[in-house]
Structures are given as structure tokens and as C-alpha cells.
Amino acid sequence: MTNTTAVQFGLEKVGARLGAVIHGMDARQSLDAEQQSFLRDALLRHKVIFLRHQHLDDAQHEILSRVFGEPIRHPTIPAPDGTDFIFDVKSRHGRSTDSWHTDVTFVPNYPKASILRAVQIPPYGGGTIWANTATAYDDLPEPLKALADTAWAIHSNDYDTNFHKHDARKEEIADFRAAFVSTIYRTEHPVVRVHPETGERTLVLGHFVVGLRGIPTRQANRIVEILQDYVTQIDNTVIWRWQPGDVAIWDNRATQHYAPADFDEEGRHLRRITVEGDIPVSIDGRQSRPF
Ligand SMILES: [Fe+2]
């Protein structure tokens, strides 16, 4: 190979359907144009990419996030003191986010990508699982595709599929819940969006879904469950077992993720930055909108 920089970094798949480790990059240093475009291409192709042992600080984390887009603040949860865009992912009473979701889908232009770094990892468990929502769509039998193609879902931050697992009497959890819904958002997204960069069709579901437009709640829940089964089937996922300093970057337009509550009361702390997304477009060209 004549290009000397090309041999300095490389890619190793972690799973068949998604996930790849990028080797040979130090994100504490500024990345050159070739490295940045390698990361962006790898993200589109593999949907979640991992950089090992980076040990970024908040400022370096923000610089890395800008490789993928413009960092944005969470709609309701303030960034920790001294940071502009950080969202703290801290376990509470042995749980993190043990329900399947795509980040922040309760707003129309939900994040394009999320960049998550490990700060404190429990001695066992504490991994994160991602699922590919493009292959999930491809797996649907034709009649279910026809249903998904024309369905629209309502997403809201006033949802209950995760918080109900917690003991709501625990003050810390009640406080977080109150902050999370301090402003209530409701957005209508097509159940199938066309990915703006790859052209793939992806399922837009996850725990912020509170209903399907025009379908009674009980039946809507069952339809969502059937579609969601295609997202979360084990063959369609990849797991990452964190080590301190690791970074994961996912295409939030083509994945869902889940953090199993399998680490008892051990501490688990990660920090996330999301970057601005575009407004989803349905197969027939209509955009998501506030509901
Ligand atoms: Fe998340």
C-alpha cells in the first residue's frame, strides 16, 4: 500500500450485523481529515463503532463529537457544571437504561449520532447492546413491511417503560424523572424513515413510543411489540463490554440500544454527547413533526 497513513489505522468487525472496533487512532490528539472521514464512513457502514482506551476528558470528547456533527444539549436535562453538552449516564440503584430505545426520539430532529465514553465501569456486567434497525426492517415479511411503511408513531419523553421498573419511592429516581419530563415533548415520526445518507429504510421505534396514530392503544402496543421483536432479536444485536476509557459512537438513525441491569449496585458512569440530527422523512416524503 502506497498511502502510509492508511496502514496506521484499521477496522475489525465485532458482529455480523453491526459493530466495528477502530484500531490505531488516538482521539486525544486532533484527527486529520483522512481519519475523520474513515470514522464517518465506518459509522455509516457498521452503525456502532468503538475506540478502545481513549480516556478522553470532556473537552476532548466534545472535539471528537464534532467529527460527526454539531453537539446539542439534552432537551430537559442540564449539562453537568463545567460542561456544555455532556449528558451524564449514571446508574441509579443498579439500573441504567435497561429498555430498548433510540436516543431522544421525542423531538422531531432527534440526534444523528451519540458519542459515549466510559468513566466508571462495574467489575462485572454493565455492557451495552445495540441493534440494527435497518436489517430489522429488511427482515420484516412483506405484509408487515406494508403496515410499517404507512404507520406513524407518537414518541414522548412522558413515557413509562423504563421508570416503572424503578422503585418510584426512591427520591433520586423521582427527582430524575421529574427533571426528565419538566417540559413534555410529543412528536410524530414515520415508523419507517429513509436514512438521509445511506438511503436505507430503518424502523423508528423504542421506549419513547406512546402510540400509533389512528390505532387504539391496546392494538397499537401489540403492533409495536411485533415490529420491535425484529429489532431486538439477538441475532440482530451486538454487545460491548466496556473497559475504562472506551468510546462508542452510534448512528442514532439506524440503531437502538439497551444497557442491561446486570451489575447489582456497583457503580456505572458514562458520559454522552449527542450531535444534531435531521428531521426524519417517510418513504412517501413526509417529515416528522411535533404532535
Ligand atoms: Fe440511550
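Values in this document were obtained by computation on a predicted structure and should not be read as measured data.

**Some words on empty space enclosed by the protein**
Part 1 of the reasoning: All told, the structure shown has two cavities of 30 Å³ or more when counted by the stated rule.
Part 2 of the reasoning: The space that makes up the largest cavity amounts to roughly 470 Å³.
Part 3 of the reasoning: Of all elements in the fold, only strand 5 (87-90), helix 5 (171-180), strand 15 (255-258) and strand 16 (269-275) reach the threshold of two or more residues within the lining of the largest cavity.
Part 4 of the reasoning: Ranked by residues supplied to the lining of the largest cavity, first place goes to strand 5 with four residues.
Part 5 of the reasoning: Across the lining of the largest cavity, the residue classes tally to 15 nonpolar, nine polar and seven charged.
Part 6 of the reasoning: Considering each element in turn, the lining of the second largest cavity owes the most residues, three residues, to strand 16.

**Focus on the pairing of strand 7 (residues 128-132)**
Part 1 of the reasoning: Taken across its five residues, strand 7 has five buried, putting it largely inside the fold.
Part 2 of the reasoning: Along strand 7, one buried face is formed by Thr128, Trp130 and Asn132 and the opposite face, lined by Ile129 and Ala131, is buried too.
Part 3 of the reasoning: Relative to strand 13 (residues 237-240), strand 7 is paired through four bridges, and the arrangement is antiparallel. What sits directly across from Thr128, in strand 13, is Trp240.

**Structural notes on the coordination of the iron ion**
Part 1 of the reasoning: Looking at the iron ion, the protein donor atoms are His101 (NE2), Asp103 (OD) and His257 (NE2), and they sit 2.1 to 2.2 Å from it.
Part 2 of the reasoning: Spacing between the donor residues of the iron ion along the chain follows H-x1-D-x153-H. Of this pair, Asp103 sits in the loop between strand 5 and strand 6 (113-120) while His257 sits in strand 15; the two residues are 154 residues apart in sequence, bridging distant segments of the chain.
Part 3 of the reasoning: Judged by relative accessible area, which is 2%, Asp103 ranks as buried.

**With respect to a negative patch on the surface**
Part 1 of the reasoning: A contiguous patch of negative charge, built from Asp262, Asp264, Glu265 and Glu266, is present on the exposed surface.
Part 2 of the reasoning: Relative to the helices and strands, Glu266 is located in the loop between strand 15 and strand 16.

**Section: the packing of aromatic side chains**
Part 1 of the reasoning: Under the defined criterion, the tally for this structure stands at 13 aromatic pairs.
Part 2 of the reasoning: Between Trp100 and Tyr258, the ring centres sit 5.4 Å apart and the planes meet at 45°, which makes this aromatic pair tilted. Taken together, the residues Trp100 in the loop between strand 5 and strand 6 and Tyr258 in strand 15 connect sequence positions 158 residues apart.
Part 3 of the reasoning: Where Phe176 meets Phe180, the ring centres are 5.8 Å apart and the plane angle is 40°; that geometry is what we call tilted. Of the two residues, Phe176 and Phe180 both sit in helix 5, four residues apart, roughly one turn of that helix.
Part 4 of the reasoning: The class for Phe180 is buried, based on a relative accessible area of 5%.
Part 5 of the reasoning: An aromatic cluster of at least three residues, connected via ring pairs, comprises Phe106, Tyr159, Phe176, Phe180, Tyr185 and Phe208.
Part 6 of the reasoning: Positioned above the aromatic ring of Phe176 is the side chain of Arg92, whose terminal nitrogen or guanidinium carbon lies 4.1 Å from the ring centre.

**Concerning the sheet that holds strand 15**
Part 1 of the reasoning: Spatial ordering of the open sheet is given by 13-7-15, a layout of three strands whose pairing is antiparallel. Edge positions in the sheet fall to strand 13 and strand 15, since each has one partner strand and no second. Strand-to-strand twist across the sheet, computed as the mean angle between neighbouring axes with direction ignored, equals 25°.

**What about helix 4 (residues 142-150)?**
Part 1 of the reasoning: Buried within helix 4 we find Leu144, Lys145 and Ala148. The arc that holds the buried residues of helix 4, viewed along the axis, is 105°, so those residues lie on one side. Counted as exposed and oriented over 90 degrees from the buried face of helix 4: Glu142, Pro143 and Thr150.
Part 2 of the reasoning: Close packing links the buried residues of helix 4 with helix 3 (133-139), strand 10 (192-194), strand 11 (201-203) and helix 6 (217-232).

What counts, and at which threshold
- Residues numbered from 1 in each chain as written.
- Predicted model: local features only at pLDDT ≥ 70, side-chain atom pairs only at ≥ 80, totals over all residues.
- Heavy atoms only, no water.
- 1 Å grid on protein atoms, 1.4 Å probe; cavity = no way out; pocket = protein on both sides within 12 Å on 5 of 7 lines; lining within 4 Å.
- Points joined across faces, edges and corners; volume = space filled by probe spheres on them.
- Helix = DSSP H or I, 4+ residues; strand = E, 2+ residues; numbered from the N terminus.
- Nonpolar A, V, L, I, M, F, W, Y, C, P; charged D, E, K, R; others polar.
- Buried < 20%, exposed > 50% of the residue type's maximum accessible area, 1.4 Å probe, protein only.
- Pairing = 2+ DSSP bridges.
- Donors = N, O, S within 2.8 Å, 3.2 Å for Na, K, Ca; no water.
- Patch = residues over 30% accessible without salt bridge, like charges linked within 9 Å, V, L, I, M, F, W, Y side chains within 5 Å.
- Areas by Shrake-Rupley, 256 points an atom, 1.4 Å probe, with all protein chains shown as cover.
- Salt bridge = Lys/Arg side-chain N within 4 Å of Asp/Glu carboxyl O.
- Lys, Arg positive; Asp, Glu negative; His and termini not counted.
- Charge placed at Lys NZ, Arg CZ, Asp CG, Glu CD.
- Phe/Tyr/Trp six-rings, centres within 6.5 Å; stacked < 30°, edge-to-face > 60°.
- Lys NZ or Arg CZ within 6 Å of the ring centre and 35° of its normal.
- Axes fitted to C-alpha atoms, helices over the stretch in contact; angles between N-to-C directions.
- Arc of directions from axis to C-beta.
- Contact = heavy atoms within 4.5 Å.

Functional significance is not addressed by these values, which are geometric in nature.
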